Structures are given as C-alpha cells and as structure tokens.
Amino acid sequence: MSQLAINGGTPVRTEPYPAWPEVGERDAAAVADVVLRGQIGGWPEPGPRSAEFAERFAGYQGARHGIVMANGTVTMEVALKALGIGWGDEVIVPALTFAATAYAAIAAGALPVIVDVEAERWTIDPDAVEAAITPRTAAIMPVHLGQQMADMDRLAAIADRRGLAIVEDCAHAHGQQWAGQGAGCIGRFGSFSHQSSKILTSGEGGTLLTSDDELARRAHSIIDCGRPKDDAGAELTFGANYRLGELNCALLCTQLDRFEEQRAQRERGARLFEELVAGVPGVRINPIHPQITRWSFYRYVLRIDPEAFAGAGCERVADALKAEGVPAEVQYPPMSRYDLFQPHLSRLPVCVEYADRLDPAHMSFPIAESAGEREALYLQESIFRAGRRGLEDAITAITKVREHAHELAAVSA
Ligand SMILES: Cc1ncc(COP(=O)(O)O)c(C=O)c1O
C-alpha cells in the first residue's frame, strides 16, 4: 500500500498553516478611510498614504527616500531609467531569480547579461559578475534570494572599481540587513515587491528606495507620466503612469505596523527549524552569510540531495510535501530554461552581436541549473509562523517523503 499522500496515503498534516496575509479590522478601516476621503487613486503623486508608507518604510530599512509604484518589476525598470541606463547598455543579473529581474532590464531597453550563482548560497557569483563586465556594462542587479543576501561587500567593491551602479532586487528581503545596513540601501536603488504573497503586501505594489535626492526626484517623475518634480517645474523626464492607488497604500501602512513582529516570529521559527533539521538525512542548510545582521525572508530555501530521494528532483519532492500538507514549492527554473527568454518570445538574439550570449541554447549555468532543477526546495514563510508543531510536521513530512521516495520514482516514471 502507498504511504505517501501524493499516492493516496494519509498526509502528515491536515491542519492548515497560518493564512497569509494577516488582515483584520484595522486594514478594513484604513481602506474605508481612503474611500470616504475621496482620493482613492495614485494621483496627485504621491498621495497621502503613499507618502506616509514611503517615509516609514524607507526609515525602517534605512534610506532617505521611498517611491511607491505599481509592482516590484517596474520598480527595477524605473531605477535603471532614473540612472540613465537603456539602449546599448548591459545589466548583469543572476541566473537564479524570478523572470522580473531580467525582464526589467529589457523593459528599460538594456540587455540583461545573465551569470551563474555561488555554489554555497545560490546568490549572484561576484567572480562571474567580474568576468561578464564589458565596456557596455552599466549596472549589476543582485537578488537577495530566499533567506540569503547577495555578497554586497564584494559586489560593492566591484561596482566601485568598475564604475557600475547596483540596483538590489529585494523582492524577498524586506527587513534584511547587511552589516547593519538595510537591504536596498547599499546600492544606488533597492527594489521591493508588495505582490500578494510577499511578506509586506497590499495585493500589488512595489517600492524603490534610494538615499540620493536627485535619483528619487527622477523616479517620482518617471512613474508620474514624466511630470516635473523639482520646485521650478523645469525638469522634464520621459515617463508613464506607474503609480500605485491610495487603497493599496493604506494597506501597506497597516501591514507595516505588523511587519517587525512577523519578521521576528519567522526568524525565531527559522532558528528553531535549523536546530531541528540539523542531521536529518537528505537535506542541507545553505549557510547564512555572517554579514547578515538582521534576518528576514519570504521563502526559506532548503537544499535537498536528490540521491537521498531516489533520484527525484526538487519538483517531485515539493509536490509530495504539498500533498503531505506542507507548503513547499519549486520557485524558479534557471534563466537558461525560462520560457520568457526563449528567442521567439524575447527576440533578444536578433541582436546579432549578442546572439551567442543571449540565446538560452548557448547558455550554461551549472550551479543555477542544478539548484533550480534538482536541489532547491522553497518552504513558504507560513511554516515559520506555525510554532514548534508546524516545524516538526514539516520535518516529519520531509523524512517521510525521503523514506518512501521509491514511490515518487514510480509516480515520475
Ligand atoms: C526575485 C523577484 N524579483 C522581482 C519580483 C517582481 O515583483 P512583482 O510581482 O511585484 O512585479 C518578484 C516577484 O515575484 C521576485 O520574486
């Protein structure tokens, strides 16, 4: 008889993990207040709730300015445009991330140059970045993936030495700090997503952080159809409507009220999880960089040994865990396999000069490919808000799936 729930066995856990986002009367009242006051959209930009959230969130992370906009993809596009990066420029991005990071470079008119990630932590490899720099390189866009941060010491040193801008993709990293500096406050810009699954959410939305007054002004102008934001009204930029409505901004304000407590709860959960999972066969923890001084995450990334799971890759293991009642997933394929970057969609290889570098058929990212297709298991943040019992259930399910992994091979065949 099958043991695994994916094959009809009894699941380890039937009680749901805590729902996300946490909402209540305060959120409803904040939205109602915006409705009753009448300014529900994002214009004039910034609206009162947008300005309030921007100031508070920038303060929490440690930047001088926040610019709130439609999502965490246009944030990166706007950052590049505000930096004057576009046609003919190259932007270096990691091979293990969501499509948005590379897409944003394309949307700004630049060419994304994809490089492999580090073996130990699966964030962008500074050596690969250095090797990919050409006279056209204008920016590096590191992604703070899962519970990790990219090596900002090495990347900042490279950027300084080679005269490049850094735009941090912090879609997973609200609350993280590197050597006392908030994520998104080390590069020229930091980009955050507030899409519904993210740990600071209003359903949709994004925030750019910067401590540069001039860049902040330009970003505000770009998202507001190019309207001048300088006092003289003289500065014109080329922009469109990327504003976020006040209803969403009201939710961002109430969600920010809860954020630090939720972050601390996840951190406590993750530290206990690491104690409990140590020594469990078949899974490993990627070491957290010692420079991370405040820890926060959206997904907790665990490394599985496919051999211990009878050769099943992370996707089958994630499916099996989900069936056991544990919210696990495979987040991203490596960039070389991403549909979006296949030539007929991106049309990037039409740039003859770049054909080899931009055609996924010519790309090889051994570490990102192994992580994305075989080893990287993403555990949802809710597991870390479910107390000791929730963590133990997750570990029991991992052990059960490993012990009965031969059943997975049968399903996959
Ligand atoms: C790493 C990363 N970057 C960027 C984004 C884009 O954010 P949004 O969905 O708000 O556009 C996401 C969202 O899933 C992400 O995970």
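Residues numbered from 1 in each chain as written. Predicted model: local features only at pLDDT ≥ 70, side-chain atom pairs only at ≥ 80, totals over all residues. Heavy atoms only, no water.

S.K.: It is not clear to me how the sheet that holds strand S13 (residues 328-329) should be interpreted in this structure. Could you clarify?
M.R.: The pairing of strands in a sheet comes from backbone hydrogen bonds and takes either a parallel or an antiparallel form. Pairing is antiparallel in the open sheet, where four strands are placed in the order S10-S12-S14-S13. Taken across any chain shown, the strands that pair with only one partner, and hence form the sheet edges, are strand S10 (283-285) and S13. The pairing of S13 with strand S14 (residues 376-380) spans two bridges and is classified as antiparallel. If you follow Glu329 over to S14, its bridge partner there is Tyr378. (Pairing = 2+ DSSP bridges. Helix = DSSP H or I, 4+ residues; strand = E, 2+ residues; numbered from the N terminus.)

S.K.: Is there a simple way to explain the environment of Phe273 in this structure?
M.R.: Mapped onto the elements of the fold, Phe273 is located in helix H8 (residues 246-277). In this structure Phe273 comes out as buried when scored by relative accessible area, which is 0%. Sequence-wise, Phe273 and Val35 are 238 residues apart; in three dimensions their C-alpha atoms are separated by 42 Å. (Buried < 20%, exposed > 50% of the residue type's maximum accessible area, 1.4 Å probe, protein only.)

S.K.: Teacher, can you tell me more about the pairing of strand S3 (residues 111-115) here?
M.R.: Side chains on a regular strand alternate between the two faces of the sheet. Judged by how many residues are buried, S3 sits mostly within the fold: five of five residues are covered. With burial as the criterion, each face of S3 is covered, one bearing Leu111, Val113 and Val115 and the other bearing Pro112 and Ile114. Bridging between strand S2 (residues 90-94) and S3 involves five bridges; their strand directions are parallel. Opposite Glu90, over in S3, you have Leu111 as the bridge partner. Taking the sense of rotation as the criterion, the β-α-β connection linking S2, helix H4 (residues 99-107) and S3 turns out right-handed. (Right-handed = clockwise from strand over helix to strand, strands pointing away.)

S.K.: Would you mind going over the layout of surface pockets with me for this structure?
M.R.: To find leftover empty space, a probe the size of one water molecule is rolled over the atoms. Computed from the structure, the largest pocket encloses a volume of approximately 270 Å³. As for the largest pocket, its lining consists of 21 residues, and the residues nearest its centre are Phe98, Ala100, Ala171, Ser193 and Lys198. Among the residues making up the lining of the largest pocket, the classes are represented as eight nonpolar, 10 polar and three charged. The space that makes up the second largest pocket amounts to roughly 180 Å³. (1 Å grid on protein atoms, 1.4 Å probe; cavity = no way out; pocket = protein on both sides within 12 Å on 5 of 7 lines; lining within 4 Å. Points joined across faces, edges and corners; volume = space filled by probe spheres on them. Nonpolar A, V, L, I, M, F, W, Y, C, P; charged D, E, K, R; others polar.)

S.K.: For this particular structure, what's the right way to read the site of the ligand?
M.R.: Inspection of the region around the ligand gives 16 residues, with Thr73, Asp169, Ser193, Lys198 and Tyr332 positioned closest. Lys198 places a side-chain nitrogen or oxygen 2.6 Å from an oxygen atom of the ligand. In this structure, an oxygen atom belonging to the ligand sits 2.8 Å away from a side-chain N or O atom of Tyr332. Burial of the ligand by the surrounding chains reaches 91%, relative to a free accessible area of 390 Å². Put simply, the ligand lies in the largest pocket. (Near = heavy atom within 4 Å. Polar contact = N/O pair within 3.5 Å; in protein donor to acceptor, adjacent residues only side chain to side chain. Areas by Shrake-Rupley, 256 points an atom, 1.4 Å probe, with all protein chains shown as cover. Sits in = over half its atoms within 2 Å of the grid points.)

S.K.: I'm lost on the packing of aromatic side chains in this one. Help?
M.R.: Two numbers describe a pair of aromatic rings. These are the distance of the centres and the angle of the planes. Scanning the entire structure with this criterion turns up 12 aromatic pairs. A centroid spacing of 5.4 Å and a plane angle of 75° characterise the contact between Phe273 and Tyr300, whose relative ring orientation is edge-to-face. Highlighted residues: Phe273 in helix H8 and Tyr300 in strand S12 (residues 299-304), separated in sequence by 27 residues. For the residue pair Phe273 and Tyr300, the accessibility class agrees, reading buried in each case. For the pair Tyr300 and Phe384, a centre-to-centre distance of 5.3 Å together with 35° between the ring planes defines the contact as tilted. Of this pair, Tyr300 sits in strand S12 while Phe384 is found in the loop between S14 and helix H13 (387-403), placing the two residues 84 residues apart along the sequence. Classification of Phe384 as buried rests on a relative accessible area of 2%. Taken together, the ring pairs connect Phe273, Trp295, Phe297, Tyr300 and Phe384 into an aromatic cluster. If you follow Arg13 out to its NZ or CZ, it ends over the ring of Tyr17, 3.9 Å from the centre. Here Arg294 stacks its cationic end above the ring of Tyr60, 4.3 Å away from the centre of that ring. (Phe/Tyr/Trp six-rings, centres within 6.5 Å; stacked < 30°, edge-to-face > 60°. Lys NZ or Arg CZ within 6 Å of the ring centre and 35° of its normal.)

S.K.: Please explain the pattern of salt bridges as it appears in this structure.
M.R.: Pairs can form between side chains of opposite charge once their charged atoms are near each other. Evaluation of the coordinates by the stated rule reveals 37 salt bridges. Between Arg26 and Asp257 there is a salt bridge, and its shortest N-O distance comes to 3.7 Å. Here Arg26 is found in helix H1 (residues 25-37), whereas its partner Asp257 is found in helix H8, with 231 residues between them in sequence. A relative accessible area of 48% means that Arg26 is categorised as partly exposed. (Salt bridge = Lys/Arg side-chain N within 4 Å of Asp/Glu carboxyl O.)

S.K.: Where do I start with unusual backbone geometry in this structure?
M.R.: It is generally the case that most residues other than glycine have a negative phi and that most peptide bonds are trans. The residue after Trp43, namely Pro44, is reached through a cis peptide bond having omega 0°. You can see Pro44 is positioned in the loop between H1 and helix H2 (48-61). Between Glu45 and the following residue, Pro46, the backbone shows a cis peptide bond with an omega angle of -5°. Looking at the secondary structure, you find Pro46 in the loop between H1 and H2. Phi angles above zero are rare outside glycine, and Trp122 is one such case at about 65°. With respect to the element layout, Trp122 can be found in the loop between S3 and helix H5 (126-132). You will see that Ala310, though not glycine, has its phi angle at about 55°, which is positive. Relative to the elements of secondary structure, Ala310 occurs in the loop between S12 and helix H9 (314-323).

S.K.: Which parts of the structure should I look at to understand empty space enclosed by the protein?
M.R.: All told, the structure shown has two cavities of 30 Å³ or more when counted by the stated rule. Estimated volume of the largest cavity: approximately 40 Å³. In terms of lining, the largest cavity is formed by Gly42, Glu45, Pro46, Gly47, Ser50, Val68, Ile223, Arg243, Leu244 and Cys249. Split into classes, the residues belonging to the lining of the largest cavity amount to five nonpolar, three polar and two charged. By volume, the second largest cavity amounts to about 30 Å³. In terms of lining, the second largest cavity is formed by Arg121, Trp122, Leu145, Gln147, Gln148, Asn286 and Val301.

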